[in-house]
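Examination of the molecular architecture
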Amino acid sequence: HGITRLDETRAVLDEVASVAASEDVDAILVAGDLLDRRLVDPAALGLTLEALGALGQTAPVVAVPGNHDDPDLWGHLAPLLALRNVTVVHRVLPPDQAVLDLDTAAGPLHVAALPWLETARLGLGAGTERGAARTTYAADLAAIVAAYADELTARRARSGAPAVLMGHVMVDGAQTGAGERELTMALTYCLPTQSIPTNLDYLAFGHIHRPQALPGVAAPGRYCGSPLALDFSEDNHHKSVAVVDIGAPPREVPLRAGRRLARIRGRLDDLPALAAPHGDAWLRCEVELEAPMPELAREVRALLPTALRVAPISPEAEP
């Protein structure tokens, strides 16, 4: 809508770094997405790199790209970020390479890092068409998760250190927002709940924008959600980060730096009063009209400069 949110982004990422420092965490897991889209905005990329570096000053960071990210870009950036105490796993690796042994202030920690599994990168047998990879995606993903879990539990048995699976995956039954890529939300791409390991110390998942516990899973784990509301369907989300003490339920620490998104509906003259409780939130305004108003958007924005979307509602449009 022609509005830059870089200042908001910087503020909320600074807040995430402050939470990590104030909580004195021992490791930081970033389960993707790292950017909102693969067509990279240099300013957004710069903020993300700064944020990862700031987090690395507090504790070791492990990050994976999601479906919004270009994995090759993050593969090229990985050596540079490693100098800032940030490990980026940009592609799906064999279990013995995907499981990292972190040396943290509280002792060793085993982390399996699973980026978004792309159909274009799945190994196919001779004579198999690339499109057929989608039909076996869930089974392939489940097999990878099982192999990672086996490697994690084997290392935990040897060392006694906690074992954590971090991945950018869609879990069947998760409550979505609308900022996720629709093509990656279908059942084709879902990890069935029965395929999620329940014998690990924590499951840190990315992909879903709404913070929530993993649905139908008898294991400690969460979707931390996006740190900033990205779509008006997220107007009722409470953004947060998850702080995990192994062996205890995860805690949600609220993030308040980003401006909220809010929806209001009413007659044109009533909009300022309806908007007042929402402070500086970006607004979607649904305006009830008795007759067409050609300059409606201009009229609304004259009353409410934070109105991003203006939708006319006429009587004949009502069900």
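Scroll up to find the structure this text is about.
Residues numbered from 1 in each chain as written. Predicted model: local features only at pLDDT ≥ 70, side-chain atom pairs only at ≥ 80, totals over all residues. Heavy atoms only, no water.

**Remarks on the pairing of strand β15 (residues 282–288)**
For the record, the criterion: Partly exposed describes any residue whose relative accessible area lies between the buried limit of under 20% and the exposed limit of over 50%, with all areas from a 1.4 Å probe on protein chains only and scaled to the type maximum. Put simply, DSSP H or I for four residues or longer makes a helix, DSSP E for two residues or longer makes a strand, and each gets a number counted from the N terminus. Two strands qualify as a pair provided that DSSP identifies no fewer than 2 bridges between them. For a crossover, the right-handed case is the one in which the path from the first strand over the helix to the second runs clockwise, viewed with the strands pointing away from the viewer.
Of all the 7 residues making up β15, 6 are buried; the element is thus mostly covered by neighbouring parts of the structure. Note that strand β14 (residues 261–267) and β15 share 7 bridges and pair parallel. Bridging across to β15, Arg267 finds its partner in Glu288. The pairing of β15 with strand β16 (residues 307–313) spans 6 bridges and is parallel. Looking at the pairing, Glu286 lines up with Ala311 of β16. Handedness of the crossover joining β15 and β16 through helix α7 (residues 296–303): right-handed.

**Here we look at the sheet that holds strand β11 (residues 221–223)**
Keep this limit in mind: In what follows, residue pairs with any heavy atoms lying within 4.5 Å of each other are defined as contacts. Every axis corresponds to a line fitted to the C-alpha atoms, with the helix fit spanning only the stretch in contact, and the corresponding angles, defined between N-to-C directions, vary from 0 to 180 degrees.
Ordered by their spatial adjacency, 6 strands build an open sheet running β4-β5-β6-β9-β11-β10, and the pairing between neighbours is mixed. Where the open sheet ends on each side, the last strands, each with one partner, are β4 (99–104) and β10 (212–213). Across 2 bridges, the pairing between β10 and β11 is antiparallel. Across the sheet, Ala213 pairs through a bridge with Arg222, a residue of β11. Here helix α5 (residues 137–159) sits on the sheet in contact with β4, β5 (107–114) and β6 (163–168), set at roughly 170° to β5.

**Looking at the sheet that holds β16**
If you trace the 3 strands from one edge of the open sheet to the other, you get β14-β15-β16, paired in parallel fashion. Looking at which strands have only one partner, the edges of the open sheet turn out to be β14 and β16. Across the sheet, the axes of successive neighbouring strands diverge by a mean angle of 20°, strand direction being ignored. Across the sheet, α7 touches β15 and β16, and the angle it forms with β16 is around 130°.

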